[in-house]
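Chains, contacts and geometry: an overview
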Amino acid sequence: MSIQDDWAVALIKLADLFGLTEPGIRHVGMVDARCRPRVLAAVQHLPMALDRAGPIAQPICEILLRLQHLLHWSQNPNYTDQDFLRGYAYCELVGPHGHIQHRELALGLLLLQPRITYPEHAHPAKETYLVLSGHAQWKQGDGRWRARGPGDLITHASAESHAMRTKTEPLLAAYLWQDHLDVSAQLLNPVLRGTRGISPTRKNHDPAQ
Ligand SMILES: [Fe+2]
């Protein structure tokens, strides 16, 4: 299968899992060449995550294994904690800044290393996660930490706080962002937020979370 075929099939499978019928996702054009491959420290955990994919995600993860050298991983530039940044990365597959351009939604991957906490954060965009690999704990609003695993769908309403923490496995989850794509996520704890405050109007898309 060609690389273009791999992209097309991976996105169709992801769209199916999210119930998306968007023609812009289901009929992929050429992958944006401006989205150059970029590897971050956390990406060393990607092979293990792909290897441990749940049954639903296995076909997608087999394709991602072939595409992994092409993926452009990013981080929210408003996050400053270096320990966290060594264990966190996201990749926008489809979206305003993704490998495949789309103005109305963002579809991508979140990767967390084992034994890391993604602190409480929020964003105006509506978000749906699909866990591809990794048993981790997830928290929404004032709720308790809940165990989630491959195949689980987690939805976050606009501005709803949420957090994740991994244990012995990396976490790989697909995300879907809808609305307010141009407003970044921000950490809710002002101490963790550091000195680089995040303006809610900043046009710096950070899906992930
Ligand atoms: Fe999020």
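Above this note sits the structure.
Residues numbered from 1 in each chain as written. Predicted model: local features only at pLDDT ≥ 70, side-chain atom pairs only at ≥ 80, totals over all residues.

**Observations concerning the sheet that holds strand β3 (residues 105–112)**
For clarity, the threshold we go by: When DSSP finds at least two bridges between two strands, those strands are taken to pair. We count a stretch as a helix when DSSP gives it H or I for four or more residues in a row; a strand needs E for two or more, and each element gets its number in order from the N terminus. It is the C-beta atoms, placed from the backbone, that decide contacts: two residues are in contact if theirs lie within 7 Å. For helices, the fitted axis covers only the stretch in contact; all axes are lines through C-alpha atoms, and the angles between them, taken along N-to-C directions, range from 0 to 180 degrees.
Ordered by their spatial adjacency, six strands build an open sheet running β2-β1-β3-β10-β5-β8, and the pairing between neighbours is mixed. The open sheet is flanked by β2 (100–101) and β8 (153–156), the only strands paired with a single partner. In this sheet, strand β10 (residues 171–178) lies alongside strand β5 (residues 126–133) in antiparallel orientation, the contact comprising seven bridges. Pairing of S133 across the sheet is with L172, part of β10. The strands that helix α1 (residues 3–18) touches are β1 (88–95), β3, β5 and β10; relative to β5, the one it contacts most, it runs at about 115°.

**Let's talk about unusual backbone geometry**
Backbone geometry at R115 places phi at a positive 55°, although glycine is not the residue there. Relative to the helices and strands, R115 resides in the loop between β3 and β4 (117–122). Residues other than glycine seldom take positive phi values, yet D179 does so here, at roughly 70°. On the secondary structure map, D179 appears in the loop between β10 and β11 (186–187).

**A short note on the sheet that holds strand β9 (residues 162–166)**
Read across the open sheet, the five strands follow the order β7-β6-β9-β4-β11; overall the sheet is antiparallel. Strands with a single pairing partner mark the edges of an open sheet, and in this sheet they are β7 (146–148) and β11. Pairing geometry for strand β6 (residues 136–140) and β9, over five bridges, is antiparallel. Within β9, the residue paired with Q137 across the bridge is R165.

**Comments concerning the packing of α1 against helix α4 (residues 58–67)**
To be explicit about the condition: Left-handed describes a crossing whose near helix is turned anticlockwise from the far helix through less than a right angle; right-handed describes the clockwise counterpart. For this classification, Asp, Glu, Lys and Arg are treated as charged, while Ala, Val, Leu, Ile, Met, Phe, Trp, Tyr, Cys and Pro are nonpolar and the rest, including Gly, are polar.
Two elements in contact, α1 and α4, have axes separated by 9 Å at closest approach and are oriented at 145°. Note that α1 runs across α4; the crossing there is left-handed. Residues D6, W7, V9, A10, K13 and L14 of α1 touch α4, and the partners they reach there are P59, I60, I63, L64, R66 and L67. A per-class count over the contact of α1 with α4 returns nine nonpolar, no polar and three charged.

Geometric descriptors of this kind do not, in isolation, establish any biological role.
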